[in-house]
Amino acid sequence: MRVVRAVWRAVAGESPEMVLVVVAVVVLALVFTHRGVVVVVLPLVVGLAVTASVTTRVRQLRRRSGAGNQWKGS
Amino acid sequence: MSLFSAVPTTSSEVVLVLAVFGATAVEMVEALTIVVAVGATSGWRTALGGAAGALVLLGALVVVGGVPLVRWVPLSDLRMAVGSVLLLLGLQWLVKAVLRGAGVLARHDEDLAYTETVRALSAPSGNARAEGLAVAFKGVLLEGVEVVVIVVGAGAAQHRLGPAAGAAGAAALLVAGAGIVLARRLSRIPENTLKLAVGVMLSSFGLFWAGEGAGVDWPGSEATLPVLVGVFGALAALLVLWGRRAGAGGSSPTERAAPT
């Protein structure tokens, strides 16, 4: 179990959600190989994933520092 | 095309060389901080001995891991697997660098890393030389493993281990030279900017190869790579600006500087 956890930590790093993004990209690439739109969809998925990850972390920090509450109250 | 021929000729080879060069430079800055700290406390012979041992082991890993991959694994399977690994690494580097650029995460502080290593090695111990040797060896090895994964993966996916290994070696030499010139002021090297650029390139490269391995027909083939680099680079720049404006950049980062 320890080995599995260590391998997961090494692979997932601090952004475990990115493992799912990579799996999604590979599955989409395999399923929609011959559809032209896949060349737009794949970069879009990656871009959205990066945006979601960054915005979530920034919002978490704002909530933690109380800035979110001030903003809500204003 | 020879496995070890050195000159990059296509856009994907140029991106490969730049990505490997940047990744190695970032990791070697961190490794060099540890080596310089060991040199200042336990002696330069100890520090360089430990670093040289780790570099030999890392070089062996590139040959042992890379050559069989290139020789025996079918190219499409290799590209899909390698592309996935590079995409994962690239996305993690990219997100972390964007958060640091926006001021959400504390930047990796080389001065702090140096001070902590010197303090740890200055504590009285039974065998200071062996301890210094182990710290230098471990520091270079741990920072270098990620570089080996990138060199082997990116080099194998294009059957160009030579340029990839050459770029890594050149970056290691450049950082060592910069370390001598800057003499312990490694914090002057714009590590986060380098990390952001490498994250963009690895993500682009990884997505391109993962798609190519799965059979996706990218328009213009390798001409897509610079486009992906441009798109992801622009997105990263926008996210850094947004993060700063969102107010996170103004407050002091509360999260501890994470190792890369």
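What you see is a predicted model; the values in this text were computed from it and never measured.

Caption draft 1: Fine view of the overall build of chain A. Regarding its fold elements, chain A presents four helices and zero strands. Ordered by position from the N terminus, the helices and strands of chain A form the series α-α-α-α. Burial status across chain A gives 35% buried among its 74 residues. For chain A, the exposed area adds up to about 5000 Å²; of that, 66% sits on carbon and sulfur atoms.

Caption draft 2: Structural context of the interface of chain B and chain A. Contacts between the two partners involve 34 residues from chain B and, on the opposite side, 30 residues from chain A. Of the roughly 2800 Å² buried between chain B and chain A, counting both surfaces, carbon and sulfur atoms make up 79%. Applying the counting criterion to the chain B and chain A interface returns zero salt bridges. For the pair chain B and chain A, the number of links is one residue pair in polar contact (both at pLDDT 80 or more). Breaking the side of chain B that touches chain A down by element, the ones donating at least two residues are helix 3 (75-101), helix 7 (191-214) and helix 8 (224-245) of chain B. No other element matches helix 3 of chain B, which puts eleven residues into the side of chain B that touches chain A. Across the side of chain B that touches chain A, the residue classes tally to 24 nonpolar, seven polar and three charged.

Caption draft 3: Helix 2 (residues 44-72) of chain B, seen in detail. Across its 29 residues, helix 2 of chain B extends 42 Å between first and last C-alpha, which sits within 8% of the 42 Å expected from 1.5 Å per residue. All of the buried residues in helix 2 of chain B are Thr 46, Ala 47, Gly 50, Ala 51, Ala 54, Leu 58, Val 62, Gly 66, Val 67 and Val 70 of chain B.

Caption draft 4: Seen up close, the environment of Leu 28 of chain A. Position of Leu 28 of chain A among the secondary structure elements: in helix 2 (residues 17-31). Discounting chain neighbours no more than four positions away, the residues touching Leu 28 of chain A are Thr 33, Val 38, Val 41, Leu 42 and Val 45 of chain A.

Caption draft 5: A look at the environment of Leu 48 of chain B. Residue and element names in this part refer to chain B. Considering the arrangement of structural elements, one finds Leu 48 in helix 2. With a relative accessible area of 51%, Leu 48 lands in the exposed category. Spatially, the C-alpha atom of Leu 48 lies 28 Å from that of Val 67, the residues being 19 residues apart in sequence.

Caption draft 6: Fine view of the nonpolar core. With 92 residues, the main nonpolar core has Leu 42 and Val 54 of chain A together with Val 20, Leu 91, Phe 205 and Leu 207 of chain B as its most contacted residues. At 16 residues, helix 1 (residues 11-42) of chain B tops the list of elements feeding residues into this core. Ignoring sequence-local partners within four residues, the contact set of Phe 205 of chain B consists of Ser 12, Val 15, Leu 16, Leu 86, Ala 154, Gln 158 and Leu 225 of chain B.

Cut-off values and rules
Along each chain, the written sequence defines residue order, and numbers are assigned to residues from 1. Written order determines the labels here, with chains lettered from A and ligands numbered from 1. In view of the model being predicted, local features appear only for residues whose pLDDT reaches at least 70, and side-chain atom pairs are presented and counted only at 80 or more, with totals across whole chains, interfaces and linings using the full set of residues. To get the side-chain values, all heavy atoms of the structure are used, and hydrogens and water are removed first. Secondary structure elements follow DSSP: runs of H or I no shorter than four residues count as helices, runs of E no shorter than two count as strands, and numbering proceeds from the N terminus. Throughout this description, buried means an accessible area under 20% of the type-specific maximum (1.4 Å probe, protein chains only), exposed means over 50%, and partly exposed covers the range between. Each accessible area is a Shrake-Rupley estimate made with a 1.4 Å probe; only the visible protein chains count as cover when residues are assessed. Here, two residues are considered to be in contact whenever any of their heavy atoms come within 4.5 Å of each other. Defined here as a combined quantity, buried area equals the accessible surface (1.4 Å probe) lost by two parts on assembly, summed across both. By salt bridge we mean one thing: a side-chain nitrogen of Lys or Arg within 4 Å of a carboxyl oxygen of Asp or Glu. Two N or O atoms form a polar contact when they lie within 3.5 Å of each other; inside protein one atom must be a possible hydrogen donor and the other a possible acceptor, and for residues adjacent in sequence the pair counts only when both atoms belong to side chains. Note on residue categories: nonpolar means Ala, Val, Leu, Ile, Met, Phe, Trp, Tyr, Cys or Pro, charged means Asp, Glu, Lys or Arg, and polar means any other residue, Gly included. An expected span of 1.5 Å times one less than the residue number is assigned to each helix. Grouping buried Ala, Val, Leu, Ile, Met, Phe, Trp, Tyr and Cys residues that are joined through side-chain atoms within 4.5 Å yields what is termed a nonpolar core.

Geometric descriptors of this kind do not, in isolation, establish any biological role.
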